[in-house]
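# Close look at the chain arrangement
Here's the letter readout for the chains.
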Amino acid sequence: MSFSERTNTTRWIIISVCFIIISLILWNTYTFFQIFKNEERLKMNLFVNAQITIVNADENTDVELPLQIFNNNTSIPGIIMLYDKVVSSKNVPEEILNDQKKRNAFLNKLKSENEPITFEYAPGKYQTLYYGNSELLNKLKYYPIALALIIFLCIALIYNFYKSTKMATQNKLWAGMAKETAHQIGTPLSSLIGWVEILKTEEIDPSISIEIEKDIERLQTITDRFSKIGSVPVLGLHDIVEETKNTYEYLQSRFSKQVAFTFKAPEIPILGMINPTLHSWTIENLVKNAIDAMKGKGNLDLQIEQDAHHVKINIKDSGTGISKKQFKTIFEPGFTTKKRGWGLGLSLTKRIVEEYHNGKIKVLHSEIGKGTTFQISLNKKMQ
């Protein structure tokens, strides 16, 4: 049996045991409830007998015990009725007894709680006792609900702890894989840098070595990104316009001419606390996502604007669009519309923007068949 199978078996055993425990507690509580209910009915039968004795008492009748039984009932509400007339009552507010509408409603409530007791107090003459549950019994009635809620909360906490632990383990695994990938890329990358230096000494077109150097720098950036996964990124004061433009122009030079890139931004620098490597990763993810949505052909516009406190980067494509119900789910890990996609790009982008850069990312606008606009909002340094 594999580790995952053993884990699932253990999980189902724990769930089954919890279910059995809850069932036993509920069954025992119901049993106690019925026992107390029967005991209260016995008390009310004694109450009825005491009432019969008091009604039929004469000067030779000892009514001390019946009166004691009658007066000792301090918790069970009851009303003795003769047709529509109240004969006597116990533990019932006067305002209910004096208002016929309230009294009828109260009698219906008592009947719903317990079967009324009809008794013969004199030959051929009958009265009816309506009685309800005591305060203790009413509390006991809600005890299983409170207990079940407590157990449910405990199970929820255990599940949340288990899920958090599992996610933390997965995050450590991904971080380890990313760092190992960065380490593995580093060795051939160093070799490529050496080969470029050799090419420079040869009589070749200088533009070739320049383009190769750009790609090597890009690989170094990617390696740096992977090495930062799982670590707290260092933020610095940078020009958001320049950092965004550098990434955008590099991507433009590496994609097909069938994608029409446009870039619009203020001419002045806009400073903000960002990590250039991670910010570049964010822009790259959104641009590649947009090009995929356009199937490699269409219009891609990036516009930077600002207000008093924020820098807003809008990336607009002419792709397939997104339905409104997916505006939030697209940022969840694992969500993808691609056959071979992992569903990590946008979730990673959201994490970089919101957790590391304290910004916001959202789908600003989307229309099926016409395209989508993503917006990144970052805090800017106040002048």
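Note that the structure is a prediction, hence the values are computed from the model and not measured.

Cut-offs used in this document
Residues numbered from 1 in each chain as written. Predicted model: local features only at pLDDT ≥ 70, side-chain atom pairs only at ≥ 80, totals over all residues. Heavy atoms only, no water. Pairing = 2+ DSSP bridges. Helix = DSSP H or I, 4+ residues; strand = E, 2+ residues; numbered from the N terminus. Contact = heavy atoms within 4.5 Å. Polar contact = N/O pair within 3.5 Å; in protein donor to acceptor, adjacent residues only side chain to side chain. UniProt positions renumbered as here; feature names shortened; annotations may be inferred. Expected span 1.5 Å × (residues − 1). Buried < 20%, exposed > 50% of the residue type's maximum accessible area, 1.4 Å probe, protein only. Axes fitted to C-alpha atoms, helices over the stretch in contact; angles between N-to-C directions. Arc of directions from axis to C-beta. Phe/Tyr/Trp six-rings, centres within 6.5 Å; stacked < 30°, edge-to-face > 60°.

## A closer look at the pairing of strand β9 (residues 310–317)
Note: strand β8 (residues 298–306) against β9, seven bridges, orientation antiparallel. Considered in β9, the bridge of E305 is made with K312. Between β8 and β9, which follow one another and run antiparallel, lie three residues. Bridge count for β9 against strand β11 (residues 371–379) is seven bridges, and the pairing is antiparallel. Paired with I313 across the strands is I376, a residue of β11.

## Overview of the environment of T244
Structurally, T244 is set in helix α7 (residues 240–254). Between the alpha carbons of T244 and I283 there is a distance of 7.0 Å; along the sequence they are 39 residues apart. Among all residues touching T244, those that are not within four sequence positions of it are F263, H279, I283, L302, I304 and I313. Within polar-contact distance, the side chain of T244 engages the backbone oxygen of I240 at 2.7 Å. Here the side chain of T244 touches H279 through a polar contact of 2.8 Å, side chain to side chain.

## Comments concerning the UniProt feature "transmembrane region" (unreviewed entry) in the chain
UniProt's entry tags residues 12–36 and 142–162 with the feature "transmembrane region" (unreviewed entry), counted in the numbering of this structure. Secondary structure across residues 12–36 comprises 100% helix and 0% strand; the distance between its end C-alpha atoms is 36 Å. Each end of residues 142–162 is marked by a C-alpha atom, and these two atoms are 30 Å apart; helix forms 100% of the span and strand 0%.

## Section: helix α8 (residues 276–293)
In a regular helix each residue adds 1.5 Å, so 18 residues correspond to 26 Å; α8 covers 26 Å between its end C-alpha atoms and thus fits that length. Of all 18 residues in α8, 13 are buried, a share of seventy percent or more. Between a side-chain oxygen at the N-terminus of α8 and the backbone nitrogen of T277 the separation is 3.1 Å; the capping residue is N275. Looking at the residues trailing α8, positive phi occurs at K295, about 55 degrees.

## Describing the sheet that holds strand β4 (residues 125–131)
Pairing between the strands of a sheet is mediated by backbone hydrogen bonds and can be parallel or antiparallel. Taken together, four strands build an open sheet; the order of strands is β2-β1-β4-β3 and the sheet is antiparallel. Since the sheet does not close on itself, it has two edges, and those belong to β2 (85–90) and β3 (117–122), each with one partner. Ignoring strand direction, the axes of neighbouring strands in this sheet form an average angle of 25 degrees. Where strand β1 (residues 78–82) and β2 come together, five bridges link them in antiparallel fashion. Within the sheet, the bridge partner assigned to G78 lies in β2 and is K90.

## Considering helix α4 (residues 100–113)
Between its first and last C-alpha atoms α4 spans 20 Å; for 14 residues at 1.5 Å apiece the expected length is 20 Å, and the two agree. For α4, the complete set of buried residues consists of R103, F106, L107, L110 and E113. Along the axis of α4, the buried residues cluster in a sector spanning 120 degrees; they form a single face. Looking at α4, the residues exposed on the side facing more than 90 degrees away from the buried face are K101 and S112. The backbone nitrogen of K101 lies 3.0 Å from a side-chain oxygen of the residue at the head of α4, namely D99.

## What about the packing of aromatic side chains?
Under the definition given, this model contains three aromatic pairs. With a centroid separation of 5.8 Å and an interplanar angle of 40 degrees, the aromatic rings of Y248 and F263 are classed as tilted. Taken together, the residues span a long stretch of sequence, with Y248 in helix α7 and F263 in strand β6 (residues 259–264) at a distance of 15 residues. Taken together through their ring pairs, the aromatic side chains of Y248, F261 and F263 make up a single cluster.

## Let's talk about the sheet that holds strand β10 (residues 360–367)
In space, the five strands of this open sheet follow the order β6-β8-β9-β11-β10, with mixed pairing throughout. Where the open sheet ends on each side, the last strands, each with one partner, are β6 and β10. Neighbour-to-neighbour, the strand axes of this sheet turn through a mean angle of 15 degrees, independent of strand direction. Strands in contact with α8 are β6, β8, β9, β10 and β11; relative to β11, the strand with the most contacts, it is inclined by about 170 degrees. Relative to the sheet, helix α9 (residues 345–356) contacts β10 and β11, its axis offset from that of β10 by approximately 135 degrees.

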